[in-house]
Amino acid sequence: MPREVRDSLYWIQECGADRSNFVEETSDPNPVWYNEDEELHIGQCAYLFTDDQTLLFDTLSPASSDRIIAVLDELLAGDDLDYLAVSHPDVPHAGNTARILREYPEATLVAPKYGTGHELYHLDDAMHVGEGDTIDLGTNTVAFHEATFLDAALHMWMTETTTNTLFPVDWFGYPHTNSECGLFADEFDHAITPDRLMHFHGRVLFWYQYVDVEKVNAEIDQLIESYDPDLLAPAHGNVVRENVSDHMRLMKQVVQDINQDGRVGALG
Amino acid sequence: MTVRLSHDTIWINESHSVGAHSEHVSVYLIDLGGEYILIDSGSFHHRDSIKTAIDRETDGEGIDALILSHSDYPHSGNVDEFRNEWDDVELVASSGSPAVQGLPTDARKCSIGGELEVLGRKFSFIDPPLADRSHTTWIYDHESGILFAADGMGSTHTAADRNKTAAELEGGISYDHIYEFHHDTLVWLRYVDPSKLRGAIEDILEEYHPTYIAPIHGHPIPANALDEYMEKLIKAADQIATEYEVPGQT
């Protein structure tokens, strides 16, 4: 079920396959936050604003094609979708773009202006946005940003100014158990820890193993300072509503660990 | 355009514009003497010309297996179409979640760090130091010694040089083209420690001793041009990292 994060902002989570093996293959197969009787997921998230103007950020993966349409139908309740913004054209994030646009043909497709080869991703005719660009939805205003930590160049993050929400994509991802599906991080029985974050970043941001750690961690400090978000709405983790800056600071240990120990596997 | 790199490997190169230059979006065809393996499927944008080249090089037989470096539209944009065009095409992919990646569920999984035989040919699937997706793999053909590199070891090019291997370029692949590709494509290099990157790539080269590096996004690099390319690549990585300063840290 989608959850309302704030008035007119909904979080739509796709849980994906069981990733219990991620924990079971590590040197600590019984972390306090993991229950071996449950499945473990690293999912995809999309976010929907149902304001005067409506905007969907990311589409979930093709595995949830029917579901995203059903959720949009429910939440929009007959209204149009005005904007579909894709953070990057990676299939788990943008794989339902064509179908959503068929269902909502009036929607404007919004894509990052960064990188090259937009035509290779069917994004050449999209509204290209980046740092400094905003869309006024009514009560909410979304702003687009060059991603701080990213895999491919054609990539962007988003913020919302009324709720002071940061939407990091492919950063601050982490697994959740069955019983944590759809919960906010503050509703977990156990706090998010660096080892939990490692299961995502040690696979996706594998390049942390080749970096200057001090430089990356200075960037994390800068990220916290420049955005200072009240809400963190990641693409691959549950929404964080409390102590956001402290949560973001956990990533400095994760960078150090990946740099020292190498990547832990692949995801995708 | 097609270029034969060895007696059994054909470079089918396509390009798209990148500012004043171009960037390859290539695939490679391996001829097993009656059966054919395609490395990556290319972008939908180049579908017709890739298909025409495959038809020509296989005398209309088409491919029997398709090995993907990763699931990303410029690499996997023609999977369904090519499997519909030619019968019984086996798909090999590194993705552990084909449904999430929009891939057919009958894909045979290759594990990064592992080996597989495809139509009797042995391939290794290498964890690449330069990549833009978590499940990207570099593919090493043990028969030809060719290392197919996705999303790294690349370069931009001029239109006139599109069909040339590194050995055919006067002065080799230019530093500026190597820099341009990596700066614009692998943005995370702004944080890189060049010595760590060099070490990771050199470990792979020392283990596999490739006869060619065959990039999806660049000129094929024969073994005798690799040292020169590596020097330029690491210099480019160093420049990318040096040029970027974290805001507020100066």
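- With an unreviewed UniProt entry as reference, chain A is termed Flavodoxin/nitric oxide synthase, source organism Halalkalicoccus jeotgali.

Focus: helix H2 (residues 65-76) of chain A
All names here are of chain A.
And then number 1: Across its 12 residues, H2 extends 17 Å between first and last C-alpha, which sits within 8% of the 16 Å expected from 1.5 Å per residue.
And then number 2: For H2, the complete set of buried residues consists of Ser 65, Ile 68, Ile 69, Val 71, Leu 72, Leu 75 and Leu 76. Mapping the buried residues of H2 onto a view down its axis gives an arc of 165°, with all of them on the same face. Within H2, the exposed residues directed more than 90 degrees away from the buried face are Asp 66 and Asp 73.
And then number 3: If you follow the buried residues of H2, they end up packed against strand E2 (9-14), strand E4 (44-50), strand E5 (54-57) and helix H4 (97-103).
And then number 4: Looking one or two places after H2, you find Ala 77, whose phi comes out positive at around 50°.

A few points about the interface of chain B and chain A
And then number 1: The partner chain A presents 44 residues to the 45 residues of chain B that form the contact.
And then number 2: For the pair chain B and chain A, the summed buried area comes to about 3700 Å², and 57% of that belongs to carbon and sulfur atoms.
And then number 3: The largest share of the area that chain B buries against chain A comes from B:Tyr73, B:Ser134 and B:Tyr191, three residues that together contribute 20% of it.
And then number 4: The tally of links from chain B across to chain A stands at four salt bridges.
And then number 5: A:Asp90 serves as the salt-bridge partner of B:Arg133, at 3.0 Å between the closest nitrogen and oxygen.
And then number 6: Run the count over chain B and chain A and you get 21 residue pairs in polar contact (both at pLDDT 80 or more).
And then number 7: Those elements that provide at least two residues to the side of chain B that touches chain A are strand E3 (15-18), helix H2 (73-76), helix H4 (175-185) and helix H5 (194-208) of chain B.
And then number 8: Top contributing element to the side of chain B that touches chain A by residue count: H5(B), with three residues.
And then number 9: A class-by-class count of the residues in the side of chain B that touches chain A yields 21 nonpolar, 15 polar and nine charged.

Concerning the side chain of A:His199
And then number 1: Mapped onto the elements, A:His199 comes out in helix H5 (residues 194-204).
And then number 2: In this structure A:His199 touches A:Phe22, A:Val23, A:Thr26, A:Trp33, A:Ile42 and A:Pro175, once residues within four positions along its chain are discounted.

Basis of the calculations
Residues numbered from 1 in each chain as written. Chains lettered and ligands numbered in written order. Predicted model: local features only at pLDDT ≥ 70, side-chain atom pairs only at ≥ 80, totals over all residues. Heavy atoms only, no water. Helix = DSSP H or I, 4+ residues; strand = E, 2+ residues; numbered from the N terminus. Expected span 1.5 Å × (residues − 1). Buried < 20%, exposed > 50% of the residue type's maximum accessible area, 1.4 Å probe, protein only. Arc of directions from axis to C-beta. Contact = heavy atoms within 4.5 Å. Buried area = accessible area lost by both parts, 1.4 Å probe. Salt bridge = Lys/Arg side-chain N within 4 Å of Asp/Glu carboxyl O. Polar contact = N/O pair within 3.5 Å; in protein donor to acceptor, adjacent residues only side chain to side chain. Nonpolar A, V, L, I, M, F, W, Y, C, P; charged D, E, K, R; others polar.

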